[in-house]
Amino acid sequence: MVAVRPAEVEATLTRIDPLRPILLLFGPDIGLVRERARAYLARAAANSTDPFGITRLDGDEISGDPGRLVDEAGTVALFGGRRVVSLRVGARNVVPAVEALLAVPPTDAIVVIEAGDLKRGTGLRALCEASPHALAIACYADTDRDLSRLIDTMTAEAGQPIDRDARAELMGLLGSDRLASRGEIGKLLLYAAGEPRITAEHVRAIVGDASSLALDEIVDSAFAGMNAEMSSAFVKATQEGMRADIVLGAVCRGAQALHQLRLAVEAGAGVERAMDAARPALHFRRKPLIEKALRSWSAARLQAALLTLDDALLAARRSAALGPALAERALFQLAAAARRG
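Keep in mind that what you see is a predicted model, and the values were worked out from it rather than measured. Numbering of residues starts from 1 in every chain and runs along the sequence as written. Whole-chain, interface and lining totals are the exception, using all residues; otherwise, since this is a predicted model, local features are given only for residues with pLDDT of at least 70 and side-chain atom pairs are given and counted only at 80 or more. With hydrogens and water excluded, all non-hydrogen atoms of the structure serve as input to the side-chain values.

Considering the pairing of strand 1 (residues 22-26)
Step number 1: Exposed residues in this analysis have more than 50% of their type's maximum accessible area, buried residues have under 20%, and partly exposed residues fall in between, with area computed by a 1.4 Å probe over protein chains only. A run of H or I in DSSP becomes a helix once it reaches four residues, and a run of E becomes a strand once it reaches two; helices and strands are each numbered from the N terminus. Most of strand 1 sits out of view: five of its five residues are buried.
Step number 2: Side-chain alternation along strand 1 places Ile22, Leu24 and Phe26 on one buried face and Leu23 and Leu25 on a second face that is also buried.
Step number 3: At least two bridges found by DSSP between two strands are what make those strands a pair. As defined by bridge partners, strand 1 adjoins strand 4 (residues 109-114) across four bridges and the pair is classed as parallel. Following the sheet pairing, Ile22 is matched in strand 4 by Val111.
Step number 4: Examined bridge by bridge, strand 1 and strand 5 (residues 134-138) share five bridges and lie parallel to one another.

Here's the deal with the pattern of salt bridges
Step number 1: Any carboxyl oxygen of Asp or Glu that lies within 4 Å of a side-chain nitrogen of Lys or Arg is treated as forming a salt bridge with it. Per the stated rule, a full pass over the model turns up 20 salt bridges.
Step number 2: In this structure, Arg68 and Glu72 form a salt bridge, with 3.8 Å as the shortest nitrogen-oxygen distance. Linking Arg68 with Glu72, this pair stays in helix 4 (residues 67-74), spanning four residues, or about one helical turn.
Step number 3: When its relative accessible area of 18% is taken as the criterion, Glu72 is described as buried.
Step number 4: Taking the shortest distance from any N to any O, the salt bridge between Arg262 and Glu266 comes out at 2.9 Å. Taken together, the residues span about one helical turn, with Arg262 and Glu266 both in helix 13 (residues 244-266) at a distance of four residues.

Things to note about the state of the cysteines
Step number 1: Cysteine sulfurs are considered disulfide-paired once they come within 2.5 Å of each other. Taken as a whole, this structure holds zero disulfides when the rule is applied.
Step number 2: Here Cys128 is not cross-linked by a disulfide; its sulfur's nearest cysteine counterpart is in Cys139, at 13 Å.
Step number 3: For Cys128, a relative accessible area of 0% gives the class buried.

As for the environment of Ala158
Step number 1: Here Ala158 lies in helix 7 (residues 144-158).
Step number 2: Given the relative accessible area of 39%, Ala158 is considered partly exposed.
Step number 3: Taking the C-alpha atoms as reference points, Ala158 and Ser298, 140 residues apart in sequence, are found 49 Å from one another.

Things to note about helix 15 (residues 287-296)
Step number 1: Among the residues making up helix 15, those that are buried are Ile290, Ala293, Leu294 and Ser296. Buried residues of helix 15 fall within an arc of 165° about the axis and therefore sit on the same side. Exposed residues pointing more than 90 degrees away from the buried face of helix 15 are listed as Pro288 and Arg295. Read the arc as the range of directions from the helix axis to the C-beta atoms.

With respect to the nonpolar core
Step number 1: Residues belong to a common nonpolar core when they are buried Ala, Val, Leu, Ile, Met, Phe, Trp, Tyr or Cys residues joined through side-chain atoms within 4.5 Å. Within the largest apolar cluster, 43 residues are counted, with the highest numbers of intra-cluster contacts made by Phe223, Val251, Trp297 and Leu309.
Step number 2: Secondary structure elements with two or more residues in this core: helix 11 (210-223), helix 12 (227-239), helix 13, helix 14 (271-276), helix 15, helix 16 (299-318) and helix 17 (323-340).
Step number 3: Per-element accounting of this core gives the leading share, 10 residues, to helix 13.
Step number 4: Residues are treated as being in contact if the distance between any of their heavy atoms lies within 4.5 Å. When sequence neighbours within four positions are dropped, the list of residues in contact with Leu309 reads Phe223, Leu248, Val251, Cys252, Ala255, Ala330 and Leu334.
Step number 5: In this structure, Phe26, Ile113, Leu124 and Ala136 belong to the second largest nonpolar core, which totals 23 residues.

Digging into the packing of helix 2 (residues 30-44) against helix 9 (residues 178-191)
Step number 1: Every axis corresponds to a line fitted to the C-alpha atoms, with the helix fit spanning only the stretch in contact, and the corresponding angles, defined between N-to-C directions, vary from 0 to 180 degrees. It is the contact of helix 2 with helix 9, at a shortest axis distance of 6 Å, that shows an interaxial angle of 80°. Classified by the angle their axes make, helix 2 and helix 9 are roughly perpendicular. Contact with helix 2, carried on its side by Gly31, Leu32, Arg34, Glu35 and Arg38, involves Arg178, Leu179 and Arg182 of helix 9 and no other residues of that element.
Step number 2: Classifying every residue of the contact of helix 2 with helix 9 by side-chain character gives two nonpolar, one polar and five charged. We call two directions roughly parallel when the angle between them is under 35 degrees, roughly antiparallel when it is over 145, roughly perpendicular when it lies between 65 and 115, and oblique otherwise. Only Asp, Glu, Lys and Arg are considered charged, only Ala, Val, Leu, Ile, Met, Phe, Trp, Tyr, Cys and Pro nonpolar, and every remaining residue, Gly among them, polar.

Side note on the sheet that holds strand 4
Pairing between the strands of a sheet is mediated by backbone hydrogen bonds and can be parallel or antiparallel.
Step number 1: The five strands are arranged 2-3-4-1-5 in an open sheet whose pairing can be described as parallel. Of all the strands in the sheet, the pair left with one neighbour each is strand 2 (54-58) and strand 5. Adjacent strand axes in the sheet meet at a mean angle of 15° when their direction is disregarded.
Step number 2: With five bridges connecting them, strand 2 and strand 3 (residues 83-88) associate as parallel partners. Bridge pairing in strand 3 links Thr55 to Val85.
Step number 3: Strand contacts of helix 4: strand 2, strand 3 and strand 4, with the helix running at about 155° to strand 3, the strand carrying the most contacts.

These figures come from the coordinates and say nothing about function on their own.
So, in structure tokens, the structure goes:
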């Protein structure tokens, strides 16, 4: 079996193995599949004198002509050197083509196959994992360690140091797709170019889920009874074009989530334990305000607040012109109730 273990992936991809000229990259993180394929193809073509570079094939096109992959991999490069072939799997079956290639593996070519998520022990994955002429590498969603390494690598390459709290904030906003994460970090680096350090303010201003961050700030500060912070966040959101009903919808969802946490507290779990058990996990930046809210509200009062918020949401949807005023009044009432609690 030549399935590469996760701990060995990075080292494996830094060298071209002539005894295993076929590389299968697959998994649910298509962004990571593409990134690794691009890097490996560039490495394989680095010493080639072929001005046409990499031959790219579409899986759906070769599915009806299994012998074409063998022909492309076996073709002698016009100007000598190694031939490099890229195959991107589509919706159709390419197993016969890859099976034919593995039966007569190329001696002077590298073939990189990109695929989506493949089940263990079946089809293309099983074929490549069982062959001594292929490497099979799974590309799964980035872990915190992977994201940490990506942030450190990109900021170091750009020569832009990042503050510890900004780094933690950034990790909380990045998702599971490698290319999307790389794009967000790249955007941040451009935004903070020329600054002595990347700060948390830079991250909040530019990184992808800024709208969610603004809504979280409104929700959390309202339920924590923090009038000034809530009002400032609401004004900023509306100035950026966010509709009042969207804001109130987020506040309703926040009330429901807070109600579930408060029920757990009233059932005997401590506030900290209830927060730690929350799913999805709470972002570290939100925890102090949510803790304050959990100590200010009872489950019964949250349920009553939710009914009031539902009425405000319905009114805002019926009258877009009055929406901002209705939403702001509901938020001030909520903050006042939190302080009374």
